[in-house]
Amino acid sequence: SDTIQTRTGARELLDAPILATICHERKNRTIKSMFKRSNRQVHVYAPTTSFSYAEQISAVCTHLENEAAARNKKIFLITGVGESEGKSTVSANVAAALALKGHKVALVDCDLRKPAMNSFFDKVYTSPLPLNRMLALPYAAERVRQCMVLNEELGLYMLFPVNGDLRSTELLSGSTLEPLLQQLRVFDFVIVDSPPMGMFPDAEIIAEIVDASMLVVRQDYTPACDINDAADTLRKTKARFLGCVLNDMDSGPLTSYGYGYGYGYGYGDKSGRKKN
């Protein structure tokens, strides 16, 4: 099946706007980190992160700022078709970049099956009421405040699960998530991460209660037909579908390195490629 290999190819193969292109960013940029191999994440706010990567994340932020200004959109779902596309990395970095620009931002990790955000932010989330436990309870404004933790370094408010929860679809389709997101409208932006669309219905459930959605598409990974199917599904929801963000794009010969993405859901990725 045809996969996305270049921006030109994306325009030809995808029935969706291309919002931005995020190139591959090498993680271990210092000699020390290369030997330790400890940095498995790409943080837009890290001093070793390249200027070009920061600018590419900023381009995504600009699209969200324009949507907020023109259409009063505040709650954005960032999802992908298959696992290992990098949607969580994009979600986290977009939220962090918006917060560092001075916006009041909440980041909600609705990937309850295999939550990644707490690890991404070095496990600074320490709420006594993680998101999955809160979603299992009747909605209460006080519980939302109890679930929320401020990352003081970034000025970013976090609502995360800590451990995986197999009740994900049940919890997201329950009566608590929608009023929770409505309460978060006091923020300038709410960024929502979800499980992959090609594996679970969770993203479709979330797309019915957010303002807008976008797809993260990793280079040479998911067949274009599957991406187009996912885009069509998002268009049918109540959220405004914005388009696709091309991720982990390499300008040289195609390689299989990537960022070390991986959910471990127990399924192969949809392209049939061996995961890194």
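Structural notes, computed from the coordinates. Quantities reported herein were computed from a predicted structural model and do not represent experimental measurements.

**Comments concerning the pattern of salt bridges**
What the rule picks out here adds up to 11 salt bridges. Between Glu67 and Arg240 there is a salt bridge, with its nearest N and O atoms 3.1 Å apart. Highlighted residues: Glu67 in helix H3 (residues 51-71) and Arg240 in strand S8 (residues 240-249), separated in sequence by 173 residues. What makes Arg240 partly exposed here is its relative accessible area of 33%. Here Asp232 and Arg235 are joined by a salt bridge, their closest N and O atoms 2.9 Å apart. Residue Asp232 and its partner Arg235 are both found in helix H11 (residues 224-235); the two are separated by 3 residues, about one turn of the helix. The structure contains a network of salt bridges with shared partners spanning Glu67, Arg71 and Arg240.

**Re the packing of aromatic side chains**
Evaluated as defined, the whole model comprises 5 aromatic pairs. With 6.2 Å between their ring centres and 20 degrees between their planes, Phe121 and Phe160 make a pair best called stacked. With Phe121 in the loop between helix H5 (117-120) and helix H6 (131-135) and Phe160 in the loop between strand S5 (156-159) and helix H8 (168-172), the pair connects residues that are 39 residues apart, well separated along the chain. Taking relative accessible area as the criterion, Phe160 reaches 0% and is therefore assigned buried. Look at Tyr157 and Phe187: their rings are 5.2 Å apart centre to centre, the planes differ by 70 degrees, and that puts the pair in the edge-to-face class. Taken as a pair, Tyr157 in strand S5 and Phe187 in the loop between helix H9 (177-183) and strand S6 (189-193) lie far apart in primary sequence, 30 residues in all.

Thresholds, definitions, all that
Counting restarts for each chain: residues are numbered from 1 in the order of the written sequence. It should be noted that, the model being predicted, local features are given only for residues of pLDDT at least 70 and side-chain atom pairs only at 80 or more, the latter also being counted only at that level, while totals for whole chains, interfaces and linings use all residues. Side-chain metrics rest on all non-hydrogen atoms present in the structure, leaving aside hydrogens and water. Any carboxyl oxygen of Asp or Glu within 4 Å of a side-chain nitrogen of Lys or Arg constitutes a salt bridge here. A run of DSSP states H or I qualifies as a helix once it reaches four residues; a run of E qualifies as a strand once it reaches two. Both are numbered from the N-terminal end. A 1.4 Å probe rolled over the protein chains alone gives each residue an accessible area, and that area as a share of the maximum for its type sets the label: buried under 20%, exposed over 50%, partly exposed in between. Note on aromatic pairs: the rings of Phe, Tyr and Trp (six-membered ring only in Trp) are paired at centre separations within 6.5 Å, and the planes decide the class, stacked below 30 degrees, edge-to-face beyond 60, tilted for the rest.

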